[in-house]
Structure formats: structure tokens, C-alpha cells
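Report on the structure
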Amino acid sequence: MTIIPIESASVKTTCPYCGVGCGVNASPKNATEVTIAGDESHPSNFGRLCVKGSALGETVGLEGRLLTPKLRDRHTGSLSDVSWNDALATVASGFARIIAEHGPDAIAFYVSGQLLTEDYYVANKLMKGYIGSANIDTNSRLCMSSSVAGHKRAFGEDLVPMNYEDLELADLVVLVGSNTAWCHPILFQRIVKMKEKRPEMKIVVVDPRYTATCEMADLHLPLKPGSDVRLFNGLLAFLAEHGATDAAFVDAHTRGFDAALAAAGPADLAQTAKDCKLDQHDLMAFYRLFARTERVVTVYSQGVNQSSAGTDKVNGIINCHLATGRIGRPGMGPFSFTGQPNAMGGREVGGLANTLAAHLEFGDPLHGEIVQTFWNSPAIAERAGLKAVELFDAIESGRVKAVWVMGTNPVVSLPDGDRVKRALEKCELVVSSDIIEKTDTNAFADVLLPALGWGEKDGTVTNSERRISRQRAFIPAPGKARADWRIICDVATRMGFEDFGFAGPHEIFDEHARLSAYRNDASTGVHRAFDIGGLTGLDRAQYDALQPTQWPLRSVQEGSIARLFETGRFSYADGRARFVPTAPRDPVNAPDEDYPLVLNTGRVRDQWHTMTRTGRSAKLAGHISESFIDMHPQDALACGVREGELARVSSRWGSMIARVQHGGGMPRGSVFVPIHWNDQVASDARVGAVVNPVVDPVSGEPEFKHTPVAIEKFHVTWHGFSLSRAAPDLDMVTHWTRVHGAHHMRYEMAGRNRFDTSHGDHHDWARALFHIDDRHADWIEYEDKSAGVYRAAHVVDERIESCVFISERPDLPARAWLATLFEKDRLDDEDRASLLLGQPIGKGEDTGPTVCSCFGVGRNTICNAIRDKGLKTAAEITSCVKAGGNCGSCVPELKKLIVETEMARLSTV
Ligand SMILES: Nc1nc2c(c(=O)[nH]1)N[C@H]1C(S)=C(S)[C@@H](COP(=O)(O)OP(=O)(O)OC[C@H]3O[C@@H](n4cnc5c(=O)[nH]c(N)nc54)[C@H](O)[C@@H]3O)O[C@H]1N2
Ligand SMILES: Nc1nc2c(c(=O)[nH]1)N[C@H]1C(S)=C(S)[C@@H](COP(=O)(O)OP(=O)(O)OC[C@H]3O[C@@H](n4cnc5c(=O)[nH]c(N)nc54)[C@H](O)[C@@H]3O)O[C@H]1N2
Ligand code: SF4
Ligand SMILES: [Mo]
């Protein structure tokens, strides 16, 4: 690869991962190497980055990138490189033909909260104003759509009223269905820092699991999965009964209180505790704390949204804030933490199938008229399009015949993932814009379009507090990749539509800003809070210089509004917010005899979604390197599985395999499986295949946190792992997971094939595994037939090329020291002896799995330091072994290790 030298000036940009939207200083050294640091001037993070943000430099390389357009031959299945001309012609003519034959609703776009606002804007404009269908939906349907629906019902518009400072001004922060410590780490650190300053500030976590977030909480409510509506209905009734509501606010600014209170049922603490499976004293403590604390922020995330009662959960929470008048004032309010970097931007442009554009809606012809007049477009969609899950149903049934997937990986991330595969297989034309060539979804694409990735593209994103920040390019466009907005405009132009001739993202942003202000005032009857009129007319230089800015920003003179609803005015025409009655209902699918456990799915600290980017970082692979099934030890016993063994999780929809573990704080009856692992990195670990396709009736958001499942042992005869510079032959292995190393690939493996005991059998197997023909190759080998143990390393010119360790039992040697051998040009005698022995000689002890990814500090190192030096706080650990001293993401785990080490010490005295 040619390295293009570029100026190593630092560029201010925004992290492409979570909705916190941290500012990043990127200092490129060359086309693929960049130094990353937090931007001290950015008001989201003030210079801090979490571990994923800190590791961004490791993910900008070109490994695995899609760099040229490709077309698939449907007969042979093979892909071939084509010119942009041919690729665009195929897409445009394919869409045009299907529209001509079957109408505009026969095609669909499935887009992403990871697109930039400018990409999103033109995709929405093309579909809703030019093709004339509303069949554009986004993966935000899987993410924030229950919050969107809840906000619209309560406020009359999809508005997040808060800003991050409110988290610091609050005296009580309630985190509902949010593993903030792992998923919004920088906001978590801001909360924790404030709590250290003001210990009287309280944190309550509402989550069935005891997560890393609970380490910092004053109170953890491990409620029954799905019972949040009951919890907040109970709270509303409690507030009313104890005179803790704000009658003046309710009278002046809301409607529907009585109906909501009636739906909430009587204030019966014992009953609510029973319904939510909570300790009555804990419940009382929470209700009292909420009742007496004026400054309360209630944060909610996927434990709330991803539920068949998701929208009601959101309104249940908002009802309590409206009843107490705790909204629109400093340090209080309901706060939906957004997941993706541009979840909010997508909502602003109308990326969801049931919104039109710029917070204008379907159902009122005036809204359609406003948008169509502004666009001067040939058409305007008149009714909502298909929501993600329905959309893929329609693809499977043949109603939708072409789909363009942009920046999302639905085969992994939609529920009932095997059905998504079947749908894409049937679909006449599948187009995918991605930055990576091999993904589970791209395996089904007929046309692959190479997009520019983070660091290469330019545009804006909006974070959870409605702050618009620039993502800026700092490395040159690789190969033939193009910006998403440009690809969309190219297709639009080839379909014969004018009005897509933008010279750059600044022109798109300008049009978007103008639309937000167009006929946006009380006199039109379609006044909406989303207005960035103050950002219109930016030329390229001004756009490039745009500083992080919160909306609304009607005009430069008026400036940004940091907190919405300060005047008590909401977006409904009468200015009043609405209480929404939320009658509780149980999740649609309940556990039964065949599927007795509830599957909960979510995230781990160091991976991002389907791992196409974070999966390429060796640093991030160290924390958790394989998929797992976290379950209560007694449930494991009942299912006949043991910690460390492989097990199959199955539901009525599909199955997957992962390793059983305890210690994730699971209550009885629930299991937790992470969402990240997929067919590219593991043989059978795609949890989306297991998840039920039930959706919330209002928002259409899938119930990702609640699927009845069964767990059974996955029988294997041996366990093992390999490290190698070249890929091994995975057909020889029953179960595998790939783990990225700095100078090697590691494969965790297990198999069912029996080796007989004659020597040579294992040896031949190892040679075949690593594709080695040379009979005189240099091997270091050890075999213990009686224990069923075999290990071998293949050495070329004194340098290790590959090694494999297998055993009949899952307890295998540590991997960390083996990885260090791949950094060496030659093995010394001690290394060779260590390989034979299966453990390091004279190299100190095994450091254990990574806890602190920034400094690469392992669990054993930390536990030994705690034990030997009597460390009592995370800060002491940091000063002793550095762990926790950079991004701080591991601090909750350090606290847990202190407790665990102390427990272990006590149990041995
Ligand atoms: N490290 C990392 N961070 C991320 C992401 C990532 O992939 N990796 N993705 C980003 C995205 S897009 C999103 S949407 C966010 C998601 O951020 P979060 O919502 O914080 O993350 P999840 O792990 O999906 O789920 C949160 C919690 O909901 C709990 N839960 C399950 N069922 C219930 C229930 O019935 N009630 C309640 N109260 N809680 C329940 C789960 O046990 C889990 O701990 O994270 C963002 N940040
Ligand atoms: N079981 C279960 N499933 C879930 C969830 C859950 O909690 N449980 N959570 C859901 C949620 S909240 C979310 S947000 C989704 C996320 O799920 P996905 O959106 O499917 O996951 P990603 O891996 O983020 O997919 C992004 C894709 O875009 C590509 N990409 C990256 N940058 C660019 C770019 O600039 N342009 C283009 N065109 N492509 C790019 C990446 O390579 C990748 O293939 O998962 C959902 N699915
Ligand atoms: S908290 Fe981490 S992942 Fe989220 S934006 Fe900040 S650095 Fe990126
Ligand atoms: Mo998300």
C-alpha cells in the first residue's frame, strides 16, 4: 500500500460511536495512522474519551475495507469489481424498472443512525419527495423509536428537553434500563465525578441485571424484566397520594392527569413490589427519594425502548416528571440517552418511515404541502411507510422488491435474523453501501457501494443533548470510496431527478437548515421547536468552522436554547403537555415449559454493534473476546451446563452458541447474551437469530430484551485455541470465534471429531489446520495422551508462525503471553521451553483477561496488587498499576475487583 504523507495538523472532529458525541482531536501521521486525543474545548467531553474513542486510531486502517463498487453474479454468487458508472447505472435502472412495474412502494431504503445528517437528508428527500414513497426506515427504529413516539405523545413533538449539565445539577439521577458505565461512559463519568464532589447526590439504577453501572449506585432496583410501567405507575400513584405533585404546573401546562392516574391504579406498595419482584423497602426508598428530591433527572435507554411496552415505559416516566413539574428547569427532566452518533440527526431530517421531514408529520396535508413546496418536488409521500420489521416482512413476502441498505447490518441487528436472511435472498435487488466488504448483510447484496468512513467524510451529527457537531475528514479518500450523500445524489440524478446537484455537504446542510425554518411559526399552525434557521447561509468555510451548537437556534441573535420547555410551553397547538394513561401489560411472549428462561441482549464495554470497526482493534479484543451466556448458577445447574462450557441458546425463532458464565449479576430466570458477535467473527454466535420479532404497537420497536429461550449443553470432545499469522482452516473446527491480535489472529475453538491416540494423528491435524505441506517444518510439540492434551507451535526461521493448544477440558493455558511471542523476530530457548510447558517460564505470571484496555492491565495483575498492597479504592489501584488512569471506563470493574478480592481473602481466613 502506498502511504500518502499528509500534513500532521490536528483536526477537530466527533467520535463516530455513541450518542454522547465526544469531541476528538485527530492528528494524522499518514494515510492510515492517526493519533487520537479528546478535544478539551468540546462541551460533551471536555477532553475525555472512553476506551472505544481512545482506540479509534486502531480502526482507521484499510484492512477489510470495501474500496471499489462490486456487482454479484446471481448464478455463480461471485462478486466482481465494476466502475462507479456501471454500479450506479445498475442501481438506478433497477429501481426505475421496479417502480415502473410495481409502483414506488415496491422499493425501500433501510438506513442508519450512523449516517451523517447530510447523507440522511438526501436519502429522505429522494425517497419521500422524488420516488414518492415513505419506505425509508432506519436502524433507529430498533433503537430510539419508542422514545420518539413517547415524546410525540407527551410533548407534541419529538423533543429531548435536556442538556448534559442537568446531569451534574441533579440531586437524584435515576438510570432506567441503561448500562451507562459501558454504553455512555463519558456521561457516566460526568455523573460520578459530580457525585464524588457532592456525595449527597443519589444514583438509582433500575435494571434486572447488576451491571457495571450499579457499582456507583446508591440503590439498585433489579426489577422483573418488562415491569417498568408498573414501577412508574406505582410512583405516580405514590406521588399523588403523598401530595408530592405540583398541582399548579399540572393545571397550567398539562392535560390528562386524572386519566393517567386512574390508569396507574391505586398506590399499593406491596402489590407493586410483588408485580415488579422488588424488595418492598427498596421500592419505598426509591419512591420516597423521588418524592422529596426536586432536582431529579430520569435517564432511559434500551431497557425502556426495546420492549413491547417501550412507548408506555417512556410515557410512564414522563408522566412522573409532568406530575411534579420537574421539566424545563435546571437539573431535572426525562432524558433519553441516544445510542448512535447521529440518532438525533436522523430524527431531525425525518429518517423514520412515519415522519415526513424536519419534524413535520404525516396525517396533516398541510405538512406535506409545506415540504413539497419547499423541495419543489414532483411528488410527496402521503402516508407513513413500512417500519423496519414490517419492511423486512414485506421484502420476504415479495411486496417490496428492491432494498438499499446504508450503514447498517440488518442480518445481525434485526430480530429473527434468519428470516432477514431469507428475505434478502428472495429480494430482486439488494444494494448495500458500507465501508467493509465482508459483513453478514453484504453476503446477500447484489451491488456493493464503497462508502467513505470516519476520518474520510465530512458532515454533521447531533448528540443526545441536541448538539450539532462537525465530523471532519483528516485522511484522504481511499480507493474509489465516495461519501454516502454523494452516492445517493448520484443515484437520484441517474434516476432523472434534478435538485440533487449539491457541491458539498455544506449545501445540503444549508437546505436542511432552511427547511427547518420554512413556514415555521405560530401563524402557519405548524410551529415546531426544531428550528436551525440561525445556521442557514453558511458557506463552505463557515460550515467547516462550525462549532458544536445546540438547537433550537432560530436566529443568530436569539442564540441556542440549552433547555426546552422553560416557559412551560409544549409543542401541542394548545401549548400543553399530555399525560398518557399507561395500563400495564406483560411482554407478549412469556416463558413456558419448553422455553423457560428470558433472553436479555445488550452491549459490552469495548465493542460496537456488529464489530466491523471495533473488532479490528487488538486493544479492544482483550476485555471480552468471545460471546457468552451470562446466567444465574442455579439456572445453569437446572439446564445441565457449567461455567466455561459451550451451550446452545434456542428460541422458537432460532439458535446460537456461546460460553456459559456467571458473575454478570443475573437474576434467576434471565440470561444475558451480547449483541456483537456474528457470522464474520464466529461460527454460530449471532444472537439476533434467537430474538423474537415482537414489536411495540405504537413505535414498532422490537422487543430485544425479552425472548423466551431454552439452554442446553453443546457437546464437544475437545477445547482449544490457536494463534497464527495466516488464517487456519476453519472447516476442521466445529465451533470457533476469531479474536484480533496485534500481530496475529487468535481462534478460540472446540471440536467434535475424536482423535485416536496414536501419535501423528494430532500432528497431521495441526499441519492441516495451518495448511503446512513441508514435512521438515520446525515444530515444537507436546502431547499427553492420558490427559487428552496436545500443543504445537510451528516455527519458521526462528519466528513463531502459528501455535495450537487443545485439551479435553476447557481449562487451557493463558493467551496473553503467547500473543507476545508474535511480536518477536526470533524465539529464544526460554520461549521454546515455555511453549512445550504450556506456560511462561521466567516471564512472570499470567496477567489474565484485560480489564483496563488503555494500559493493557490484566485482571490477575490488579487482583494481586489489591491483595498484596491492601488497596481499597480505584484511585489506589490507578496509582499502583495505572489501570483506570486514562479513560476511566474500567473504574466500575476495579471497584468490583476490590470487593471480590476481599471476599476471596475472607473465605480463606
Ligand atoms: N460499548 C458500547 N456502547 C454503546 C453501544 C455499543 O454497541 N457498545 N451502542 C450504542 C447504542 S446504538 C445504544 S442504543 C446504546 C444502548 O445503551 P444501553 O441501553 O445502556 O445498553 P443495553 O446493553 O442495550 O441495555 C441496557 C440495559 O437494559 C437492561 N434491561 C433489560 N430489560 C430491561 C427491563 O425490562 N427494564 C429495565 N429497566 N432494564 C432492562 C439490560 O439488562 C441492560 O443492562 O449504547 C450505545 N453505546
Ligand atoms: N438483539 C439485539 N439486537 C439489537 C440491539 C439489541 O440491544 N439487542 N440493539 C439495536 C440497536 S439499538 C442498534 S442501534 C442496532 C445497531 O445495529 P447495526 O446498525 O446493524 O450495527 P453496526 O455494526 O453499527 O452497523 C453499521 C454498518 O455500517 C457500516 N459503516 C460504518 N461507517 C459507515 C459509513 O460511514 N457509511 C456507510 N455506508 N456504512 C458505514 C459498518 O461497517 C456496519 O456494517 O442494533 C440493534 N439490534
Ligand atoms: S463516550 Fe466513548 S464512544 Fe461515546 S462518543 Fe464519547 S468517546 Fe465516543
Ligand atoms: Mo442503538
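Overview of the structure. On a predicted model such as this, the values are computed, not experimentally measured, just so you know.

Criteria and cut-off values
Residues numbered from 1 in each chain as written. Chains lettered and ligands numbered in written order. Predicted model: local features only at pLDDT ≥ 70, side-chain atom pairs only at ≥ 80, totals over all residues. Heavy atoms only, no water. Helix = DSSP H or I, 4+ residues; strand = E, 2+ residues; numbered from the N terminus. Buried < 20%, exposed > 50% of the residue type's maximum accessible area, 1.4 Å probe, protein only. Lys, Arg positive; Asp, Glu negative; His and termini not counted. Salt bridge = Lys/Arg side-chain N within 4 Å of Asp/Glu carboxyl O. Contact = heavy atoms within 4.5 Å. Polar contact = N/O pair within 3.5 Å; in protein donor to acceptor, adjacent residues only side chain to side chain. 1 Å grid on protein atoms, 1.4 Å probe; cavity = no way out; pocket = protein on both sides within 12 Å on 5 of 7 lines; lining within 4 Å. Points joined across faces, edges and corners; volume = space filled by probe spheres on them. Nonpolar A, V, L, I, M, F, W, Y, C, P; charged D, E, K, R; others polar. Domains from an automatic or database assignment. Near = heavy atom within 4 Å. Areas by Shrake-Rupley, 256 points an atom, 1.4 Å probe, with all protein chains shown as cover. Sits in = over half its atoms within 2 Å of the grid points. Pairing = 2+ DSSP bridges. Axes fitted to C-alpha atoms, helices over the stretch in contact; angles between N-to-C directions. Core = buried A, V, L, I, M, F, W, Y, C linked by side-chain atoms within 4.5 Å.

1. Some details on the side chain of lysine 52
Looking at the element boundaries, lysine 52 is found in helix H1 (residues 51-54). Of the side chains with opposite charge, aspartate 606 lies nearest to the buried lysine 52, which makes no salt bridge, at 6.4 Å. If sequence neighbours within four positions are ignored, lysine 52 has contacts with Tyr17, Trp182, Pro185, Arg605, Asp606, Gln607, Trp608 and Leu620.

2. Thoughts on helix H25 (residues 761-769)
All buried positions along H25 are accounted for by His762, His763, Trp765, Ala766, Arg767 and Leu769. Structurally, H25 contributes buried residues whose contacts are with strand S29 (718-724), strand S31 (745-751), strand S32 (778-784), strand S33 (789-796) and strand S34 (799-807).

3. Focus on the environment of arginine 576
Residue placement: arginine 576 occurs in the loop between strand S21 (549-550) and strand S22 (577-578). C-alpha separation for the pair arginine 576 and aspartate 592, spaced 16 residues apart in sequence, amounts to 44 Å. When near neighbours in sequence (up to four residues on either side) are disregarded, arginine 576 contacts Val250, Asp251, Ala252, His253, Thr254, Arg255 and Phe570. Polar side-chain contacts of arginine 576 include one of 2.8 Å to the backbone oxygen of threonine 254.

4. Here we look at empty space enclosed by the protein
All chains considered together, the criterion is met by 11 cavities of 30 Å³ or more. For the largest cavity, the calculated volume is near 690 Å³. Surrounding the largest cavity, 40 residues form its lining, Gln114, Asn139, Gly407, Thr408 and His609 being those nearest its centre. Mapped onto the lining of the largest cavity, the elements with two or more residues apiece are helix H18 (410-413) and strand S17 (429-434). Residues belonging to the lining of the largest cavity are distributed by class as follows: 16 nonpolar, 18 polar and 6 charged. The two domains that each donate at least three residues to the lining of the largest cavity are domain 2 (70-143 + 342-550) and domain 4 (597-713). In this model, the second largest cavity occupies a volume close to 560 Å³. Along the wall of the second largest cavity there are 40 residues; nearest its centre are Gly177, Gln302, Gly303, Thr601 and Lys705. Among the elements of the structure, helix H6 (180-183), helix H13 (302-305), strand S23 (597-602) and strand S27 (670-674) are those that each provide at least two residues to the lining of the second largest cavity. A class-by-class count of the residues in the lining of the second largest cavity yields 12 nonpolar, 19 polar and 9 charged. Here the lining of the second largest cavity gathers at least three residues from each of two domains, domain 3 (145-336) and domain 4 (597-713).

5. Thoughts on the site of ligand 1
Taken together, the neighbourhood of ligand 1 is formed by 35 residues, with Asp207, Gly226, Ser301, Gln302 and Arg603 sitting nearest. For ligand 1, an oxygen atom lies 3.0 Å from a polar atom in the backbone of histidine 609. When ligand 1 sits alone it has 910 Å² of accessible area, and the protein chains cover 99% of it. Among the cavities detected, the one that contains ligand 1 is the second largest cavity. Listing elements by their share of the shell around ligand 1, those giving two or more residues are H6, H13 and S23. Its residues placed into classes, the shell around ligand 1 shows 11 nonpolar, 16 polar and 8 charged. When we break the shell around ligand 1 down by domain, the ones giving at least three residues each are domain 3 (145-336) and domain 4 (597-713).

6. Examining the layout of surface pockets
Size it by volume and the second largest pocket reaches roughly 680 Å³. Along the wall of the second largest pocket there are 27 residues; nearest its centre are Glu157, His527, Ala529, Phe570 and Ser571. Counted by class, the lining of the second largest pocket contains 11 nonpolar, 7 polar and 9 charged residues. A domain split of the lining of the second largest pocket shows at least three residues from each of domain 2 (70-143 + 342-550) and domain 3 (145-336).

7. Quick notes on the site of ligand 2
Near ligand 2 you find 30 residues, and of these Gln114, Ser413, Asp434, Lys457 and Thr610 are the closest. Within the side chain of threonine 612, an N or O atom sits 2.8 Å from an oxygen atom of ligand 2. The site holding ligand 2 turns out to be the largest cavity. Along the lines of polarity and charge, the residues of the shell around ligand 2 split into 10 nonpolar, 14 polar and 6 charged. Viewed by domain, the shell around ligand 2 spans two of them, domain 2 (70-143 + 342-550) and domain 4 (597-713), each represented by three or more residues.

8. Some details on the sheet that holds S17
On the basis of which strands lie adjacent, the open sheet formed by 7 strands has the order S5-S4-S18-S17-S16-S6-S7 and mixed pairing. Each end of this open sheet is capped by a strand with a single partner; those strands are strand S5 (79-81) and strand S7 (136-138). Recorded for the sheet is a direction-independent mean angle of 20° between the axes of neighbouring strands. Direction of pairing for strand S6 (residues 107-111) relative to S7: parallel, over a ladder of 3 bridges. Residue phenylalanine 109 lies in a different strand from S7, and its bridge partner there is isoleucine 136. Strand contacts of helix H2 (residues 84-102): strand S4 (70-72), S6, strand S16 (402-406), S17 and strand S18 (447-450), with the helix running at about 130° to S18, the strand carrying the most contacts.

9. A short note on the nonpolar core
Membership of the largest hydrophobic core comes to 120 residues, with the highest contact counts inside it found for Phe95, Phe109, Leu231, Phe286 and Trp404. Looking at this core, the element that brings in the most residues is helix H3 (residues 117-131), giving 8 residues. Looking at which domains feed residues into this core, each of domain 2 (70-143 + 342-550) and domain 3 (145-336) supplies at least three. Once residues lying within four places of it in the same chain are set aside, the contact partners of tryptophan 404 are Phe95, Ala108, Phe109, Tyr110, Val431, Ser432, Ser433, Leu449, Ile487, Ile488 and Val491. One finds Leu386, Leu391, Val649 and Phe704 within the second-largest nonpolar core, a separate group that totals 82 residues.

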